Amino acid sequence: MPGSAYTLPQLRSISRASPLHRAELLRSALPIRLRRTVELHNQGPLAHSLKLRQVLTQYTKVADALESAASPKDEAEAEHLLALSSRDLRKGYGQRIPMFSGGNETHAAALAVERLRSKRGDYYQSDLHARVEENLGLLNTARVGCCTLADHLMPAKHNRTRIAQKISVHSLARAVSSQAEAICQDHYFCSPTISLHHCGETDPHLKRLLIPSHARYVLFELLKNACVATIRQEEGLRRGSLNPVRMSLEAGQEWTKVRVVDRGGGVPTHIQSNVFSYAFSTSPMQPSDMGRGTDCVTGCGVGLALSMTFARYMGGQLDMEVEDGVGSVFTLTLNHDRQQLEQFPFQT
């Protein structure tokens, strides 16, 4: 149904459906999601942001184009529509559709939040902060939903990681840990070792149905943050070696938990409530600094907020525990209930 949420098995089936079926869903279902995303922005406290409004104008243009497209009469016409739509949606955005490009909507929203903070010294204690977080949470969930459906309707052969599939969480975690270690080596010329452990009788070869790119994004953020915290902690203590970062996997019948444990001193008590806030960062870098040769590892405060969105999108969760002065534990819970629907914020 056009205005329906889907389970992961349903999304996987959509990606394997006939071109005719996928083309009809593209014309009917994606515009509903695009227009809902624009509506959420227009109702929110960042509706005044010109840059964000310019980016979101593309949503309406894409929705108009899809709805005005003629219904394909055969497989050949359907393939043509899908190919044209895929090209137009991804053109100029690094093979990503506009609403999912970090250099566009995400950066625009971060800039808008930065401006609000500069005007309100008590921003994080204000009702405005709560309203911004609620709206951006819905807006981010909506744009992830737009991208997820588009990726399954027009699967790109060169990048299957955005399609629901069964993969080994162990293999994914191992690959992401190597990536996090490498990027720290590139930027800091050192990196803590990331160890991977399995709790209880968890089968390291167990495969789970998930969207790999979502899980990869969250795991990379957690591991990268843990490595950076460890490096900074050891620099402050002037030690010659780095404490390792520990990652553990635990699997149940309908869930998988991935824990990332570091000894980077822990998130300070006075900012713990803001860790998942949009555009909040312990780094001195601000959204307006992007592109000025600043530290791209620490970013501008959108990583954990988006990680929470990805975690919750299919019914999962991201939690944090802190031992002050010692370190932090972040736990990603992946939900594998085959009846779990996307958490797209359709109008109720």
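Our structure's up above, just so we're on the same page.
Given the structure is predicted, the values throughout are model-derived calculations rather than measurements.

Undergrad: Is there a simple way to explain the packing of helix α2 (residues 19–43) against helix α3 (residues 50–68) in this structure?
TA: When two helices pack together, their arrangement is captured by the angle between the axes and the distance separating the axes. Viewed as axis vectors pointing N to C, α2 and α3 meet at an angle of 155 degrees, and their least axial separation amounts to 9 Å. In terms of axis orientation, α2 runs roughly antiparallel to α3. Remark: the crossing between α2 and α3 carries left-handed chirality. From α2, Leu26, Arg27, Leu30, Pro31, Leu34, Arg35, Thr37, Val38 and His41 reach across to α3, where they touch Leu52, Arg53, Leu56, Tyr59, Thr60, Val62, Ala63, Asp64, Leu66 and Glu67. Taken together, the residues of the contact of α2 with α3 sort by class into eleven nonpolar, three polar and five charged.

Undergrad: I would appreciate a short explanation of the pattern of salt bridges in the present structure.
TA: Where charged atoms from two side chains of opposite charge approach closely, those side chains can pair. Applying the stated criterion across every chain yields a total of nine salt bridges. With its nearest N and O atoms 3.1 Å apart, the salt bridge here joins Arg27 to Glu24. Remark: Glu24 and Arg27 occur in helix α2; sequence separation between them is three residues, near one turn of the helix. A salt bridge links Arg259 to Glu250; its shortest N-O distance comes to 3.1 Å.

Undergrad: Looking at this structure, how should I read the sheet that holds strand β7 (residues 327–335)?
TA: Hydrogen bonding along the main chain pairs the strands of a sheet, whether they run parallel or antiparallel. With mixed pairing, five strands are arranged side by side in an open sheet as β2-β4-β5-β7-β6. The sheet terminates laterally at β2 (194–198) and β6 (317–323), the two strands that pair on one side only. Neighbour-to-neighbour, the strand axes of the sheet open up by a mean angle of 15 degrees, direction not taken into account. Pairing between β2 and strand β4 (residues 245–251): five bridges, direction parallel. In the strand pairing of β4, Ile194 is matched with Val245. Docked against the sheet, helix α7 (residues 169–188) engages β2, β4 and β5 (255–261), running at close to 165 degrees with respect to β2. The strands that helix α9 (residues 303–313) touches are β6 and β7; relative to β6, the one it contacts most, it runs at about 130 degrees.

Reading guide: rules and limits
- Residues numbered from 1 in each chain as written.
- Predicted model: local features only at pLDDT ≥ 70, side-chain atom pairs only at ≥ 80, totals over all residues.
- Heavy atoms only, no water.
- Axes fitted to C-alpha atoms, helices over the stretch in contact; angles between N-to-C directions.
- Helix = DSSP H or I, 4+ residues; strand = E, 2+ residues; numbered from the N terminus.
- Parallel < 35°, antiparallel > 145°, perpendicular 65-115°, else oblique.
- Left-handed = near helix turned anticlockwise from the far one by under 90°.
- Contact = heavy atoms within 4.5 Å.
- Nonpolar A, V, L, I, M, F, W, Y, C, P; charged D, E, K, R; others polar.
- Salt bridge = Lys/Arg side-chain N within 4 Å of Asp/Glu carboxyl O.
- Pairing = 2+ DSSP bridges.

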